[in-house]
Amino acid sequence: MQSEDRNFQLAQKIWNYLCLNDEVKQADCMLVLGSHDVSVAERAADIYLEGLTPLIVFSGGFGYLTQDLWNVSEAETFAEIAIKRGVPESAILIENKSTNTGENVVFSMQLLKERNITPSSFILVHKPYMERRTFATFRNYHKEVPISVTSPQISMTDYFSSVDISYETFLSTLVGDLYRIKTYSSKGFQIPQEIPEDVWDACNELIALGFDKRIN
């Protein structure tokens, strides 16, 4: 139990860094990045219903955790949830080919261009620990467009309790996302992000403990 407590302390440090805690601002379009976490779709629907944007693009084909989980794409699954929550179908566009964060951004912007829609501002919605990487990826392609980044409003402990993934998968996923923040800028996938030393130390400690299954 003490070792698990220590592991969660390390994970919390990483989680706190990966979450941006932006104020959600009025925008022309909301881009919702797909995943296994349906609470992201619920968060997006609630933001729309607050009147903060007139248009939602749900983006996502099948990813690491959903390829064996669902029969329809992440984008279509999320859109169905949003519609049931009260979002009109006419306010939704679906991009269902992307398989990673970069493709989420690129393919969604291509879809908007094909529809002759040119938003001047965006709300980006993803999982809590994906906020920073979503920001860094979007900024890699669109330097000046005003954006705010948000996610389901939930603590790390409550989040882990609410998703159907194992302890090892959860910690490995946090480590993997931080590792991508560190390495993807040199590959041209994201803009660079400064990582505090204590956050990177926490990552390395979890890697040494074997939570390294999502590093690639």
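Residues numbered from 1 in each chain as written. Predicted model: local features only at pLDDT ≥ 70, side-chain atom pairs only at ≥ 80, totals over all residues. Heavy atoms only, no water.

A.B. asks: Looking at this model, I keep getting lost on the overall build of the protein chain. Mind explaining?
C.D. replies: What the protein chain contains, in helices and strands, is eight helices and five strands. Moving toward the C terminus, one meets the helices and strands of the protein chain in the order α-β-α-β-α-β-α-β-α-β-α-α-α. On C-alpha atoms alone, the protein chain measures out to a radius of gyration of 17 Å, which is about the 17 Å that the 2.2 N^0.38 rule sets for 216 residues. Principal-axis analysis of the C-alpha atoms gives the protein chain an extent of 50 × 35 × 30 Å. By residue count, 54% of the 216 residues in the protein chain fall in the buried class. Working note: accessible area of the protein chain is about 10400 Å², and carbon and sulfur atoms make up 47% of it. (Helix = DSSP H or I, 4+ residues; strand = E, 2+ residues; numbered from the N terminus. Rg over C-alpha atoms; globule rule 2.2 N^0.38 Å. Buried < 20%, exposed > 50% of the residue type's maximum accessible area, 1.4 Å probe, protein only. Areas by Shrake-Rupley, 256 points an atom, 1.4 Å probe, with all protein chains shown as cover.)

A.B. asks: Looking at this structure, how should I read the nonpolar core?
C.D. replies: Considering soluble globular proteins, one finds that nonpolar side chains tend to be buried as a cluster. Judged by nonpolar contacts, the single largest core of 29 residues is most densely connected at Ile-14, Trp-15, Leu-18, Phe-170, Leu-171, Leu-174 and Leu-178. Looking at this core, the elements with two or more residues in it are α1 (2-18), α6 (156-162), α7 (167-183) and α8 (197-208). Dropping the residues within four chain positions of it, Leu-174 is found in contact with Ala-11, Ile-14, Trp-15, Leu-18, Tyr-129 and Met-156. If you look at the next biggest cluster of nonpolar residues, it comprises 21 residues, including Ala-41, Ile-47, Ile-56 and Ile-92. (Core = buried A, V, L, I, M, F, W, Y, C linked by side-chain atoms within 4.5 Å. Contact = heavy atoms within 4.5 Å.)

A.B. asks: Help me understand the pattern of salt bridges in this model?
C.D. replies: Note on pairing: side chains with opposite charge can pair once their charged atoms come close. Scanning all chains against the criterion turns up seven salt bridges. For Glu-80, the salt bridge is made with Lys-84, and the minimal N-O distance between the two is 3.3 Å. Of this pair, Glu-80 and Lys-84 both sit in helix α3 (residues 74-85), four residues apart, which is roughly one turn of the helix. Glu-80 sits in the partly exposed class, given a relative accessible area of 43%. Lys-213 is the salt-bridge partner of Asp-212, the closest N and O atoms lying 3.4 Å from each other. For Lys-213, a relative accessible area of 51% translates into the label exposed. A single network of salt bridges, built from pairs that share partners, joins Glu-168, Asp-212 and Lys-213. (Salt bridge = Lys/Arg side-chain N within 4 Å of Asp/Glu carboxyl O.)

A.B. asks: Just to check I follow, could you spell out the packing of α7 against α8 for this structure?
C.D. replies: Geometry of a packed helix pair, given as the angle between the helix axes and the separation of the axes. Contact geometry for α7 and α8: axes closest at 10 Å, N-to-C directions at 130°. The orientation of α7 relative to α8 falls into the category oblique. Taken as a pair, α7 and α8 cross one another with a handedness that is left-handed. Along the contact surface, α7 presents Leu-171, Val-175, Leu-178, Tyr-179 and Lys-182, while α8 presents Val-199, Trp-200, Cys-203, Leu-206 and Ile-207. (Axes fitted to C-alpha atoms, helices over the stretch in contact; angles between N-to-C directions. Parallel < 35°, antiparallel > 145°, perpendicular 65-115°, else oblique. Left-handed = near helix turned anticlockwise from the far one by under 90°.)

A.B. asks: Would you mind going over the packing of helix α4 (residues 101-114) against helix α5 (residues 131-141) with me for this structure?
C.D. replies: Running from amino to carboxyl end, α4 crosses α5 at an angle of 45°, the nearest separation of the two axes being 9 Å. When the axes of α4 and α5 are compared, the pair comes out oblique. The interaxial crossing formed by α4 with α5 has right-handed handedness. Contacts between α4 and α5 involve Thr-101, Gly-102, Val-105 and Val-106 from the former and Arg-133, Thr-134, Thr-137, Phe-138 and Tyr-141 from the latter.

A.B. asks: Looking at this structure, I do not really get unusual backbone geometry. What am I missing?
C.D. replies: Peptide bonds are trans in most cases, and residues, glycine excluded, mostly fall at negative phi. In this model, Asn-21 sits at a positive phi of 60°, which is unusual for a non-glycine residue. Note on placement: Asn-21 falls in the loop between α1 and β1 (29-33). The phi torsion at Asn-116 lies on the positive side, around 60°, for a residue other than glycine. Residue position: Asn-116 is located in the loop between α4 and β4 (122-125). Judged by relative accessible area, Asn-116 falls into the exposed class, the value being 71%.

A.B. asks: For this particular structure, what's the right way to read helix α2 (residues 39-49)?
C.D. replies: Residues separated by three or four positions in an α-helix point in the same direction, a consequence of the helix having 3.6 residues per turn. Taken together, the buried positions of α2 are Val-40, Ala-41, Arg-43, Ala-44, Ala-45, Ile-47 and Tyr-48. Tucked into the core, α2 has its buried residues touching β1, β2 (56-59), α3, β4 and β5 (147-150). Just downstream of α2, Gly-51 is the residue with a positive phi angle, here 85°.

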